[in-house]
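# Architecture at a glance
Here are the chains, one letter per residue:
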Amino acid sequence: MKALCYGSLNPDLVHHVDRLPVAGDDLLSARWHIEYGGGGGNAAVALATWAADTVLIGHAVGDDPMGAWLLKTLTRPHLDLHGIRQDPDVRTPHCVVMITPDGDRTIISTGYQDARWQELAELTWEGVTVVLVDGYSAEPGARVAAEAGRRGIPVVGLDAGPATAEVSSLVVWSRHEHPDAAAARDLNADGHAVVLTGGAGDNALWWGDRVYRTTPPPITPVDGTGAGDVFAAMCAFGLAANWSPERILTMATAAGALLVGRGRAAGMPTLEAITKSAGALEVRR
């Protein structure tokens with residue numbers, strides 16, 4: 001299996017706060033730390049953790065301290081970063097993440113309005129068996145997804161906009177962004193598999209002429225940042241492995257829930273832990 005993740009990558013400045021700010025606030029965070037982040041970054045680390053050879057590429061990062069830190073931190077087995085360009089004329093984007101004691105989070109992103117999205121060299125496609133494209137990449141990501149489709153490679157569209165969704169094999173949407181299931185049903189009717197993730201509620205997968213639903217395992221939330229990215233990464237893993245829709249849904253649901261219950265600072269959940277948790281989930285049709 002060889003995966004290509006095309007999307008956002010940035011440092012996250014993570015602050016743990018008692019509550020989210022309101023106008024005029026001056027809050028103190030109980031603690032803070034820095035993590036790698038971005039839809040592409042989180043998904044790529046997850047796939048590499050599960051021993052899938054993974055290429056990560058998207059926008060250029062700056063030739064600055066944040067860019068250097070990010071590339072050093074992302075360096076690990078099974079993850080190929082060689083295509084990521086460091087550009088002295090850009091600043092590395094970053095996010096500020098505020099997490100409350102119940103594990104909920106609010107994210108402020110900066111720098112993506114000036115992102116320089118990279119074109120893929122022909123060599124990048126060699127051996128790729130599945131592609132994940134995140135929504136931050138907009139038109140450049142849609143072009144990558146369309147090229148993957150032209151090559152017969154399945155595509156997972158994470159938080160996909162309309163152009164990427166139309167050329168994705170499987171679209172992963174959050175109910176926070178798509179509260180009306182009608183859009184998922186319409187996209188499914190056009191021949192695409194679609195997942196709506198529901199946070200603590202049910203996750204639903206429209207696949208062919210069937211709808212599959214499962215409830216995430218009970219967990220004590222620590223940090224929900226990146227849970228949707230890891231969910232989508234497991235969908236990509238399952239597509240490449242030719243899993244059934246039931247197995248894709250339960251494994252992705254377990255992966256996202258386990259990350260929420262541990263937080264990225266504790267590392268990505270292992271394939272063994274995810275498989276054990278998924279085995280206890282029931283799929284309803």
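To be clear, the structure that these remarks concern was listed above.
Okay, so let's go over this structure. Fair warning: this is a prediction, and the values are worked out from it, not measured in the lab.

### A short note on the sheet that holds strand β6 (residues 79-80)
With mixed pairing, nine strands are arranged side by side in an open sheet as β6-β4-β1-β10-β11-β12-β13-β14-β15. If you trace the sheet from one side to the other, it starts and ends with β6 and β15 (210-214), each paired once. Contacts from helix α5 (residues 182-189) reach β12 (170-174), β13 (193-197) and β14 (203-207), with the element oriented near 165° to β13. Sheet strands in contact with helix α7 (residues 245-262) are β14 and β15, and its direction is about 30° off that of β15.

### With respect to the state of the cysteines
One pass over the full model with this rule turns up zero disulfides. C95 carries a free sulfur, and the closest cysteine sulfur to it, the one in C5, is 17 Å from it. For C95, a relative accessible area of 6% puts it in the buried group. Between C235, a free cysteine, and C5, which holds the nearest cysteine sulfur, the sulfur-to-sulfur gap is 12 Å.

### A look at the sheet that holds strand β9 (residues 105-110)
If you walk across this open sheet you meet the four strands as β3-β2-β8-β9, and the pairing is mixed. Both outer strands of the open sheet, β3 (31-37) and β9, are each paired with one neighbouring strand and no more. Adjacent strand axes in the sheet meet at a mean angle of 20°, parallel and antiparallel pairs treated alike. Bridging between strand β2 (residues 10-16) and β3 involves seven bridges; their strand directions are antiparallel. Residue pairing in the sheet places N10 in a bridge with G37 of β3. Helix-sheet contacts for helix α2 (residues 65-74) involve β2, β3 and β8 (94-99), and the interaxial angle to β3 is about 75°.

### Digging into the layout of surface pockets
Quantified by volume, the largest pocket comes out at close to 1,400 Å³. Contributions of two or more residues to the lining of the largest pocket are made by β2, α1 (39-49), β9, β12, α6 (227-240) and α7. A breakdown of the residues in the lining of the largest pocket according to their chemical character gives 17 nonpolar, 22 polar and ten charged. For the second largest pocket, the calculated volume is near 270 Å³. V90, R91, T92, P93 and G111 are the residues nearest the centre of the second largest pocket, which is lined by 16 residues in total. Residue classes in the lining of the second largest pocket are distributed as five nonpolar, six polar and five charged.

### Quick look at the pairing of strand β10 (residues 130-134)
In terms of burial, β10 is a largely internal element, five of the five residues being buried. Here β10 shows a buried face lined by V130, L132 and D134 and a second buried face lined by V131 and V133. One ladder, built from four bridges, connects strand β1 (residues 2-7) with β10; its direction is parallel. Bridge pairing in β10 links A3 to V130. Sheet topology note: the β10/strand β11 (residues 155-158) ladder contains four bridges and is parallel. In the sheet register, V133 faces β11, and the bridge partner there is G157. A crossover links β10 with its parallel partner β11, the connecting element being helix α3 (residues 138-150), and its sense is right-handed.

### Overview of the pattern of salt bridges
If you walk through the whole model with that rule in mind, you get ten salt bridges. Of the charged contacts in the structure, one is a salt bridge between R143 and E119, with a shortest N-O distance of 3.4 Å. Placement of R143 in helix α3 and of E119 in the loop between β9 and β10 is noted, with a sequence separation of 24 residues between them. On the basis of relative accessibility, which here comes to 44%, the residue R143 falls in the partly exposed class. Counted as one network, the salt bridges with shared partners bring together E122, E147, R150 and R151.

### Quick look at the packing of α7 against helix α8 (residues 271-278)
One way to put it is that α7 packs onto α8 with a least axis distance of 8 Å and a crossing angle of 115°. Crossing handedness for the pair α7 and α8: right-handed. Between α7, through T250, M251, A254, A255 and L258, and α8, the contact on the second element is made entirely by L271, A273, I274, T275, S277 and A278. Its residues assigned to classes, the contact of α7 with α8 shows eight nonpolar, three polar and no charged.

Rules and cut-offs
- Residues numbered from 1 in each chain as written.
- Predicted model: local features only at pLDDT ≥ 70, side-chain atom pairs only at ≥ 80, totals over all residues.
- Heavy atoms only, no water.
- Pairing = 2+ DSSP bridges.
- Helix = DSSP H or I, 4+ residues; strand = E, 2+ residues; numbered from the N terminus.
- Contact = heavy atoms within 4.5 Å.
- Axes fitted to C-alpha atoms, helices over the stretch in contact; angles between N-to-C directions.
- Disulfide = S-S within 2.5 Å.
- Buried < 20%, exposed > 50% of the residue type's maximum accessible area, 1.4 Å probe, protein only.
- 1 Å grid on protein atoms, 1.4 Å probe; cavity = no way out; pocket = protein on both sides within 12 Å on 5 of 7 lines; lining within 4 Å.
- Points joined across faces, edges and corners; volume = space filled by probe spheres on them.
- Nonpolar A, V, L, I, M, F, W, Y, C, P; charged D, E, K, R; others polar.
- Right-handed = clockwise from strand over helix to strand, strands pointing away.
- Salt bridge = Lys/Arg side-chain N within 4 Å of Asp/Glu carboxyl O.
- Left-handed = near helix turned anticlockwise from the far one by under 90°.

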